[in-house]
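Structure assessment
In case you want the letters, here they are:
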Amino acid sequence: MFLNFNLFENISDGVIIVSKDKKIVYFNKSAKNFFPDIALNKSCYGLYNICENCPLEIAKEENRNINIYDVKLSNKRVCFSMNPIFMETEFYGVIEIFRDVSRVIHYMEDVHKQKEFTEKIFNSIVEGIIVVDKEGKVINLNDSAKKLLCNLDTKDAIGHHVKEILGIDLEQMPALDKRNDIYIQTYCGKLKASLMLSAFRDEGYIISFYILPEQNMFYGFSENEFHTKSPKLSKAIDIAKYVAEHNVNVLIEGETGTGKTLLAKYIHFLSPRRNKPFVKINCAAIPENLLESELFGYVKGAFTGAIKDKVGKVELANEGTLFLDEIGDMPLSIQAKILNLIQEKEIERLGDNKTLKVDVRIIAATNKDMRQLIKNRLFREDLYYRLNVVNITLPPLRDRKEDIPTLVRGFLEKFSEIHKKSVKSIRSEAIKLLLKYDYPGNVRELENIIEHAVIMTKSDYIDAPDLPEFLASNFDVFLENLTEKDLIVKTLKQTNGNKAEAAKILNMHRTTLWRKIKEYGIEI
């Protein structure tokens, strides 16, 4: 063999030459530091931990270098290279080179441990954290952010623009380092969040947020209380509070605009599922051919345009609440699948033959006569009874006009803030107009009327001319046909016998009202 071994004597890397029969024919001084018991003409077997799967034959057959970057010796971590030696065409053996990388490996392990430690802290923070680059594309997000955003999948976030995740651009967020309440758009719908944007070195921004409990839900209740003077609505709220803690399906019935969605959220926020998703789907707003995929999701290739898997609303609501709004408009074909979901607690994505187990509580709502739909064979009777374990009926606003003053105060506060105005009160003449009207659109219509008035008024109070014109024309006809006694009787009924409230509405002093009640012989 014609090799000049002296070339290897003064290098720091360990060098060993092994013959084709796996005998050690040379090693340098540095190799002795790696292998104190090494000796010439002995077998190389057992020198280090790769001998069980010796790569010498691979190096010979493929005539290529073999590199292994982390070989464990008794007291060192080394980088190992095996290079085949050929004399003309004859295989002679291999040169093995070892470099001590213990410090590098130790540093890398420390970095890994530090990263693991940082990730544990990152994911233990209760607030949602989203890290984005300067353009607003998501770099990272913690587990809390995924949960708060309705079990958002990492792959659906990383690399996507923050507007796809939160429904708002960086420019729409609060000023840097200023926490503010802001609405964000999620898979669960529009939610109010306390959000802060902070600069992250020169690389981008950190968005920290948490979801705020719905405040003034139903424009009179919070998570723990509800204020109403209506016996009918009080009964509905009492049922909602009681049923919230029990894992049963609920059917909410009532006219459009009575607050069925808000009551569903109220039940969810009082339930043990409050920290899990509340997912709403409007059965009337989505075409039949899309509703199934929206509810149950689909797999890639299920139909033309299905270029990737999509999670359905049912799956998003897992461990939380699925709110099926306008259930009376659900097609019969989908009703069968909802029945299966309730009975078997499992679903199939479109185009998939695997079933997925899901745990959802269903709250359904409708403004239709369900029994008539069943009679007309438009709704399955078996599904109706599965959904209608507990029934809650919300009264229309015309049947609880005693709540109008409270609702008006809440709306005034809300829209004054939204439209940056300082409207503090409403005149009695305006209240009279509001109490006369029967509200076919219920609370939602009253809300729109007050927003209109807040925008139109030029002072810090709402007067009759600030209200929509149709209210005034209705009221004029009403006044022509009412005597003073009739007006007092009707107002007392509207306030459930509350004389102080009636006096405000009638724009008269309480003692004057007392006197007129006696004078007309009105019984309360």
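I will try to describe carefully the structure that is included in this document. (Residues numbered from 1 in each chain as written. Predicted model: local features only at pLDDT ≥ 70, side-chain atom pairs only at ≥ 80, totals over all residues. Heavy atoms only, no water.)

Here's the deal with the environment of Asn 10
Put simply, the test is: Runs of H or I in DSSP of at least four residues are treated as helices and runs of E of at least two as strands, each being numbered from the N terminus. Only protein chains enter the accessibility calculation, which uses a 1.4 Å probe; a residue whose area is less than 20% of its type maximum is buried, one above 50% is exposed, and one in between is partly exposed.
Locating Asn 10 in the fold gives a position in the segment before strand 1 (14-19). Given a relative accessible area of 73%, Asn 10 falls into the exposed group. For Asn 10 and Leu 487, which are 477 residues apart along the polypeptide, the C-alpha to C-alpha distance reads 112 Å.

Brief notes about the sheet that holds strand 13 (residues 321-325)
Inclusion rule: Should DSSP find at least two bridges between two strands, the strands are taken to pair. Note on method: axes are straight lines fitted to C-alpha atoms, helices fitted across the in-contact stretch only, with angles between N-to-C directions ranging 0 to 180 degrees.
The strand order 12-13-16-11-17 describes an open sheet built from 5 strands, whose pairing is parallel. With partners counted over all chains shown, the strands left at the sheet margins are strand 12 (278-282) and strand 17 (390-393), one partner each. Direction aside, neighbouring strands of the sheet carry axes that sit 20° apart on average.

Structural notes on the environment of Ile 182
Here is the rule we go by: The contact definition used throughout considers only heavy atoms, calling two residues in contact when any of these lie within 4.5 Å.
The topology assignment puts Ile 182 in strand 8 (residues 180-186). Take Ile 182: its relative accessible area is 15%, and that puts it in the buried class. With near-sequence residues (within four places) excluded, Ile 182 lies in contact with Ile 168, Gln 172, Met 173, Pro 174, Leu 191, Lys 192, Ala 193 and Leu 195.

A look at the pairing of strand 5 (residues 90-100)
In this sheet, strand 5 lies alongside strand 1 in antiparallel orientation, the contact comprising 6 bridges. Looking at strand 5, one finds that Ile 17 is bridged to Ile 95. The sheet contact formed by strand 4 (residues 77-87) and strand 5 spans 10 bridges and is antiparallel. Note that in strand 5 the partner of Phe 80 across the bridge is Phe 98. In this structure, the hairpin formed by strand 4 and strand 5 is closed by a connection of 2 residues, where Glu 88 is found at a positive phi of approximately 60°.

Here we look at the packing of helix 8 (residues 288-296) against helix 10 (residues 332-344)
Applied cut-off: Just so you know how the angles are binned, under 35 degrees is roughly parallel, over 145 roughly antiparallel, 65 to 115 roughly perpendicular, and the rest oblique. A crossing counts as left-handed when the near helix is turned anticlockwise from the far one by less than a right angle, and as right-handed when that turn is clockwise. Each residue receives one of three labels: charged for Asp, Glu, Lys and Arg, nonpolar for Ala, Val, Leu, Ile, Met, Phe, Trp, Tyr, Cys and Pro, and polar for the others, Gly being one of them.
One can describe the packing of helix 8 onto helix 10 by two numbers: an axis separation of 10 Å at closest approach and a directional angle of 15°. Taken together, the axes of helix 8 and helix 10 lie roughly parallel to each other. For the crossing formed where helix 8 meets helix 10, the hand is right-handed. Listed contacts from helix 10 to Glu 288, Leu 291, Glu 292, Leu 295 and Phe 296 of helix 8 are Ser 333, Ile 334, Lys 337 and Ile 338. In terms of residue class, the contact of helix 8 with helix 10 is built from 5 nonpolar, 1 polar and 3 charged.

Some remarks on the pattern of salt bridges
Between side chains of opposite charge, pairing is possible as soon as their charged atoms come close. Using the following cut-off: One side-chain nitrogen of Lys or Arg within 4 Å of one carboxyl oxygen of Asp or Glu is enough to make a salt bridge.
For the structure shown, the criterion picks out 23 salt bridges. With a closest N to O distance of 3.8 Å, Asp 325 and Lys 280 form a salt bridge. Linking Asp 325 in strand 13 with Lys 280 in strand 12, this pair joins segments that are 45 residues apart in sequence. In this structure Asp 325 comes out as buried when scored by relative accessible area, which is 7%. Classification of Lys 280 as partly exposed rests on a relative accessible area of 32%. Among the salt bridges present, the one from Asp 329 reaches Lys 368, with a minimum N-O distance of 2.6 Å. One end of the pair, Asp 329, is in the loop between strand 13 and helix 10; the other, Lys 368, is in the loop between strand 16 (361-366) and helix 11 (370-375), with 39 residues separating them in the sequence. By relative accessible area, which is 34% here, Lys 368 ends up partly exposed.

Re unusual backbone geometry
Notably, Lys 22 is not glycine yet its phi reads approximately 65°, a positive angle. The class of Lys 22 is partly exposed, set by a relative accessible area of 31%.

Observations regarding a nonpolar patch on the surface
What counts here: Residues form patches when they are more than 30% accessible in relative terms and have no salt bridge. Like charges link within 9 Å. Nonpolar side chains (Val, Leu, Ile, Met, Phe, Trp, Tyr) link within 5 Å. Surface accessibility in these figures is a Shrake-Rupley result with a 1.4 Å probe; residues are shielded only by whichever protein chains are displayed.
A cluster of nonpolar side chains, contributed by Val 104, Tyr 107 and Met 108, occupies part of the molecular surface with about 340 Å² of accessible area. Position of Met 108 among the secondary structure elements: in helix 3 (residues 102-124).

Some details on the nonpolar core
Operational definition: In this description, a nonpolar core means a group of buried Ala, Val, Leu, Ile, Met, Phe, Trp, Tyr and Cys residues linked to one another through side-chain atoms lying within 4.5 Å.
Judged by nonpolar contacts, the single largest core of 31 residues is most densely connected at Leu 295, Leu 324, Ile 327 and Ile 338. At the level of secondary structure, the elements contributing two or more residues to this core comprise strand 12, helix 8, helix 9 (313-316), strand 13, helix 10, strand 16, helix 11 and helix 12 (381-387). Among the elements that line this core, the one with the most residues is helix 10, at 5 residues. Core analysis: the next-biggest nonpolar cluster, separate from the first, contains 26 residues, Ile 449, Val 454, Ala 464 and Leu 467 among them.

Digging into the packing of helix 13 (residues 404-418) against helix 15 (residues 442-456)
Packed helix pairs are characterised by how far apart their axes lie and by the angle those axes make with each other. In contact at an axis separation of 9 Å, helix 13 and helix 15 are set at 50° when each is read in the N-to-C sense. As summarised for this structure, helix 13 and helix 15 are arranged oblique, according to the angle between their axes. In this structure, helix 13 crosses over helix 15, and the sense of that crossing is right-handed. Residues Ile 404, Leu 407, Val 408, Phe 411, Leu 412, Lys 414, Phe 415 and Ser 416 of helix 13 touch helix 15, and the partners they reach there are Val 443, Leu 446, Glu 447, Ile 450, Glu 451 and Val 454. Partitioned by chemical class, the residues of the contact of helix 13 with helix 15 number 10 nonpolar, 1 polar and 3 charged.

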